[in-house]
Amino acid sequence: MPERQEYLPRQTVAAGITLWDWALLPFVLALLALLGWGASQMTHPYQLGQPLPVTLDAWELPYYLLRTTLRMFLALVASLVFSAVFAVLAAKFRAAERVLIPLLDILQSIPILGFLSITVAGFIALFPGNLLGVECAAIFAIFTSQAWNMAFSLYQSLRTVPIELKEAAAVFQLSGWQRFWRLELPFAMPGLLWNTMMSMSGGWFFLVAAEAISVANQDIKLPGVGSYIALAIEARDLGAIGWAILTMFVGILLYDQLLFRPLVAWADKFRFEESGSENVPQSWLLDWLRRARGAQRLHRLLSRPLERSLTAAHRRYDGTSIRARPRRPPPALMRAWDALLAAGFLFALWRLVNFVHADVGWAETVHVFVLGIYTLVRVLLLIALAMLVWVPIGVWIGMNPRWANRLQAVAQFLAAFPANLLFPLVVVLIVRWRLDPDIWLSPLIVFGTQWYILFNVIAGASSVPTELRYAAQNLGLTGWLRWKRYLLPAVFPSLVTGAITASGGSWNASIVAEYVSWGDTTLQAAGLGSYIAEHTAVGDFPRIALGIGVMCLFVMTLNHFVWRRLYRLAEDRMHF
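All values reported here derive from a predicted model rather than from experimental measurement.

A.B. asks: I would appreciate a short explanation of the overall build of the chain in the present structure.
C.D. replies: Each helix and strand counted, the chain has 26 helices and four strands in total. Considering the chain as a whole, with its 576 residues, one finds that 49% of them fall into the buried category. Considering only residue pairs separated by 6 or more positions, the chain has 80% of its internal contacts joining residues 24 or more positions apart. When the accessible surface of the chain is summed, it comes to about 28200 Å², and 67% of that surface belongs to carbon and sulfur atoms.

A.B. asks: How do you make sense of a positive patch on the surface when you look at a structure like this?
C.D. replies: Together, R297, R300, R304 and R308 make up a region of like positive charge exposed at the surface. Structurally, R297 can be placed in helix α15 (residues 293–312). Residue classification places R297 among the partly exposed positions, given a relative accessible area of 43%.

A.B. asks: In this structure, what is going on with the nonpolar core? I would like to understand it.
C.D. replies: As a rule of thumb, nonpolar side chains are buried together in soluble globular proteins. If you look at the biggest cluster of nonpolar residues, it comprises 153 residues, and the most contacted ones within it are F455 and W507. For this core, the element with the highest residue contribution is helix α24 (residues 479–513), accounting for 15 residues. Filtering out sequence-adjacent residues up to four positions away, W507 remains in contact with G372, T375, L376, V379, L528, M551, F554, V555 and L558.

A.B. asks: I would appreciate a short explanation of the pairing of strand β4 (residues 521–524) in the present structure.
C.D. replies: Regular strands show a simple pattern: their side chains alternate between the two faces of the sheet. With four bridges connecting them, strand β3 (residues 515–518) and β4 associate as antiparallel partners. Within the sheet, the bridge partner assigned to Y515 lies in β4 and is Q524. Taking the residues between adjacent antiparallel strands as the criterion, β3 and β4 are bridged by two residues, where G519 takes a positive phi near 65°.

A.B. asks: How should the packing of aromatic side chains be read in this particular structure?
C.D. replies: Within a pair of aromatic rings, the relevant descriptors are the distance that separates the centres and the angle that separates the planes. Inspection of every chain in the model, using the stated rule, returns 16 aromatic pairs. Residues F82 and W148 carry aromatic rings whose centres are separated by 5.5 Å and whose planes lie at 75° to one another, so their mutual orientation is edge-to-face. One end of the pair, F82, is in helix α4 (residues 61–92); the other, W148, is in helix α8 (residues 147–159), with 66 residues separating them in the sequence. F82 gets classed as partly exposed once you look at its relative accessible area, which sits at 25%. Note on W284 and W288: the rings are 5.9 Å apart at their centroids and 40° apart in plane angle, and the pair reads as tilted. On the criterion of helical spacing, the pair formed by W284 and W288 is a turn pair, its members being four residues apart in helix α14 (residues 284–291). Under the relative-accessibility criterion, W284 is labelled partly exposed at 42%.

About the cut-offs
Residues numbered from 1 in each chain as written. Predicted model: local features only at pLDDT ≥ 70, side-chain atom pairs only at ≥ 80, totals over all residues. Heavy atoms only, no water. Helix = DSSP H or I, 4+ residues; strand = E, 2+ residues; numbered from the N terminus. Buried < 20%, exposed > 50% of the residue type's maximum accessible area, 1.4 Å probe, protein only. Contact = heavy atoms within 4.5 Å. Areas by Shrake-Rupley, 256 points an atom, 1.4 Å probe, with all protein chains shown as cover. Patch = residues over 30% accessible without salt bridge, like charges linked within 9 Å, V, L, I, M, F, W, Y side chains within 5 Å. Salt bridge = Lys/Arg side-chain N within 4 Å of Asp/Glu carboxyl O. Lys, Arg positive; Asp, Glu negative; His and termini not counted. Charge placed at Lys NZ, Arg CZ, Asp CG, Glu CD. Core = buried A, V, L, I, M, F, W, Y, C linked by side-chain atoms within 4.5 Å. Pairing = 2+ DSSP bridges. Phe/Tyr/Trp six-rings, centres within 6.5 Å; stacked < 30°, edge-to-face > 60°.

Any functional reading would require information beyond the geometric quantities listed.
What follows is the structure, given as structure tokens:
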């Protein structure tokens, strides 16, 4: 590799260690030391009710940022593993898809406060007398704000692999394992990366709920940026909120430079068309790692087991034999599976009727359904407005990779900006001008979830084949005809994925947006989110369960009758 050695001193190359290795060594050691020390702080002795030291001293924010980034990184790794397993099972097995997709609809509609209400006691009991139980509850809460979006993205990509690429995999006689690593995962990589960035931003958005846990009159504030923001809101300290915003920006910038920008630059090789040299994503850290011999050796060491598995997992028959034909499960087995699912549904319905009749009453249930309709109107209206704004912008950014690289960190910061930090402005304006909270609290619902649409549209537009762009130019498509025949069909699958996740996230965000507090001032909008937030604060579990159940029902109905049908349309008609 002479082209990579010409700028290195010969004696260092001969010794197998370059100057880049020596420069990288203190950086890696410092990072490992910080991570190790931060992880050790997560396992201190702790008893329920014991106050944890969280202050508004700005000098503590670097330490809080370290604790927060560790939680978010662990949640991100768990989300990637979950997404890979879920997407493969749902995309490859029809019987599994019938269970997993509705299950994912339910999971993404359960608010973070709902997960915390159920899991906090279990995690604390799992690690008695140790802070690790509360830390696991916070990590799990962040996981629930990240995983569903990534799982939907990977599932959508696996279902919409172009037919010609599937035919090429069949010609080369790739096994299922080889097809996933050689074709499907590389094809899904651009969308998965952008949705991973969005999921990380979603974790920042719900950070206050994850780190400042207030369930059943228990107030647990873990040291972190989210608990710092919660404390600043309680104290009505605008200066502390300013320091929190600056700290969040630093954290997002570090994640962008040290994780996402190197991944985006590395994943550019998975594009199925060549891009100009001026449009290739750049990363100083990736260039650094490529020049370091130690990093190259570590990469070869870690990738060797995967390469061996790809060699071992080859097809033992050609692609034209009878064994190569897809095998459908026996019809009797599918009918039995459907009957089992129907029986499970009827049992759950019977338990639900008993619960409503015994614990909350039918009048309360009707009232909660009416509140759900209020929130439904807000969600649909705001998602439609977000599409009108962000689809053209996302298409333009995705079609211009140079601008995509420049705006990557900005988009992450905007997507991560918690609605809680807008509470001072919102409360002051509504109280001063005597505005209607039912109307003017509504924009907070879509403030953090509109970015799901933007990020997915950017990913879809950046993956449009170059020959399709040239064909649209040669045909002279302009104006509405260009959008109707070329741009909208090109990004439609990604747009539907963004709409599904934005819709589910908006229902989740309604809990924060419809019940706003700033110091001793509380504003409440009539809706399902404020109902759940109000009863979570006092620990009324029957009404929490009722609110979450009604929210799940609304989200599943919306997904089934609106988004899922658009999803099937994307699969059937929008392949290129």
